[in-house]
Amino acid sequence: MTIKDIAHISGVGVATVSQVLNNHPDVSEETRRKVMAVVVEQGFQPNTNAKHLKQQASSSIAIIVKGTMNMLFADLADLGFDNLSSVTTDDREASRQ
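So, how was this worked out
Residues numbered from 1 in each chain as written. Predicted model: local features only at pLDDT ≥ 70, side-chain atom pairs only at ≥ 80, totals over all residues. Heavy atoms only, no water. Helix = DSSP H or I, 4+ residues; strand = E, 2+ residues; numbered from the N terminus. Buried < 20%, exposed > 50% of the residue type's maximum accessible area, 1.4 Å probe, protein only. Contact = heavy atoms within 4.5 Å. Areas by Shrake-Rupley, 256 points an atom, 1.4 Å probe, with all protein chains shown as cover. Arc of directions from axis to C-beta.

Student: Help me get a handle on the overall build of the protein chain, residues and values and all.
Tutor: When helices and strands are tallied, the protein chain shows six helices and zero strands. For the protein chain, the sequential pattern of α-helices and β-strands runs α-α-α-α-α-α. Out of the 97 residues in the protein chain, the part that is buried amounts to 14%. Of the contacts made within the protein chain by residues no fewer than 6 positions apart, 34% connect residues no fewer than 24 positions apart. With the model as given, the accessible surface of the protein chain reaches about 8100 Å², and the carbon-plus-sulfur share is 52%.

Have a look at this one:
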(Lines give C-alpha, C1' and ligand atoms only; values in the text may rest on other atoms or scores of the structure.)
Protein backbone atom coordinates (compact mmCIF):
# COMPACT_ATOMS: atom_id res chain seq x y z
CA MET A 1 0.00 0.00 0.00
CA THR A 2 1.44 3.34 -1.08
CA ILE A 3 0.23 6.93 -0.85
CA LYS A 4 -0.74 6.58 -4.51
CA ASP A 5 -3.09 3.74 -3.52
CA ILE A 6 -4.48 5.80 -0.64
CA ALA A 7 -5.03 8.73 -3.04
CA HIS A 8 -6.83 6.52 -5.56
CA ILE A 9 -9.12 4.92 -2.96
CA SER A 10 -9.94 8.21 -1.22
CA GLY A 11 -10.44 10.13 -4.48
CA VAL A 12 -7.83 12.81 -3.84
CA GLY A 13 -4.38 13.60 -5.22
CA VAL A 14 -1.11 12.17 -3.98
CA ALA A 15 -0.04 15.62 -2.78
CA THR A 16 -3.20 15.86 -0.66
CA VAL A 17 -2.52 12.48 0.95
CA SER A 18 1.03 13.62 1.68
CA GLN A 19 -0.28 16.82 3.26
CA VAL A 20 -2.72 14.86 5.43
CA LEU A 21 -0.03 12.41 6.57
CA ASN A 22 2.34 15.27 7.36
CA ASN A 23 -0.40 17.16 9.24
CA HIS A 24 -0.27 20.14 6.88
CA PRO A 25 -2.75 22.85 7.89
CA ASP A 26 -4.03 23.60 4.35
CA VAL A 27 -6.31 20.54 4.15
CA SER A 28 -10.02 20.71 4.88
CA GLU A 29 -11.27 18.63 7.81
CA GLU A 30 -13.60 16.71 5.49
CA THR A 31 -10.72 15.71 3.20
CA ARG A 32 -8.51 14.91 6.19
CA ARG A 33 -11.22 12.63 7.64
CA LYS A 34 -11.77 10.92 4.27
CA VAL A 35 -8.05 10.21 3.75
CA MET A 36 -7.48 9.11 7.35
CA ALA A 37 -10.45 6.74 7.13
CA VAL A 38 -8.78 5.00 4.18
CA VAL A 39 -5.42 5.00 5.99
CA VAL A 40 -6.97 3.28 9.02
CA GLU A 41 -9.15 0.94 6.96
CA GLN A 42 -6.18 -0.21 4.87
CA GLY A 43 -3.78 -0.37 7.82
CA PHE A 44 -1.37 1.94 6.01
CA GLN A 45 2.01 2.45 7.69
CA PRO A 46 4.12 5.26 6.22
CA ASN A 47 7.62 4.15 5.20
CA THR A 48 9.93 6.41 7.19
CA ASN A 49 12.96 5.46 5.13
CA ALA A 50 11.18 6.33 1.88
CA LYS A 51 10.08 9.64 3.37
CA HIS A 52 13.65 10.51 4.30
CA LEU A 53 14.90 9.55 0.84
CA LYS A 54 12.24 11.75 -0.76
CA GLN A 55 13.12 14.66 1.52
CA GLN A 56 16.82 14.03 1.00
CA ALA A 57 17.21 14.46 4.73
CA SER A 58 20.76 14.99 5.93
CA SER A 59 19.98 13.43 9.30
CA SER A 60 20.05 9.87 7.96
CA ILE A 61 22.75 7.48 9.11
CA ALA A 62 23.85 4.37 7.22
CA ILE A 63 25.73 1.63 9.05
CA ILE A 64 27.07 -1.33 7.12
CA VAL A 65 27.88 -4.38 9.21
CA LYS A 66 29.38 -7.57 7.79
CA GLY A 67 27.88 -10.63 9.44
CA THR A 68 25.58 -11.03 12.41
CA MET A 69 28.44 -12.08 14.67
CA ASN A 70 29.98 -8.59 14.49
CA MET A 71 30.05 -7.07 18.01
CA LEU A 72 28.39 -3.87 16.70
CA PHE A 73 25.46 -5.89 15.36
CA ALA A 74 24.29 -6.85 18.86
CA ASP A 75 24.09 -3.18 19.87
CA LEU A 76 22.16 -1.90 16.82
CA ALA A 77 18.78 -2.59 18.42
CA ASP A 78 19.76 -0.41 21.38
CA LEU A 79 20.46 2.75 19.35
CA GLY A 80 16.96 4.14 19.89
CA PHE A 81 15.98 4.37 16.20
CA ASP A 82 12.51 3.19 15.24
CA ASN A 83 13.18 2.89 11.52
CA LEU A 84 16.10 0.50 11.14
CA SER A 85 16.25 -1.50 7.94
CA SER A 86 18.43 -4.44 7.10
CA VAL A 87 19.57 -6.33 4.03
CA THR A 88 21.20 -9.74 3.96
CA THR A 89 23.04 -11.58 1.23
CA ASP A 90 23.93 -15.21 0.71
CA ASP A 91 27.69 -14.93 0.12
CA ARG A 92 27.99 -18.49 -1.24
CA GLU A 93 25.16 -17.98 -3.72
CA ALA A 94 26.52 -14.58 -4.74
CA SER A 95 29.96 -16.12 -5.33
CA ARG A 96 28.44 -18.95 -7.34
CA GLN A 97 26.60 -16.51 -9.59
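Student: Talk me through helix H1 (residues 3-10); I want residue IDs and the actual numbers.
Tutor: All of the buried residues in H1 are Ile6, Ala7 and Ser10. On an axial view of H1, the arc spanned by its buried residues comes to 100°, and they lie on one face. In this structure, H1 carries Lys4 and His8 as exposed residues pointing more than 90 degrees from its buried face. As for H1, its buried residues are in contact with helix H2 (14-21) and helix H3 (29-42). Just downstream of H1, Gly11 is the residue with a positive phi angle, here 75°.

Treat this as a map of the structure, not an account of what it does.
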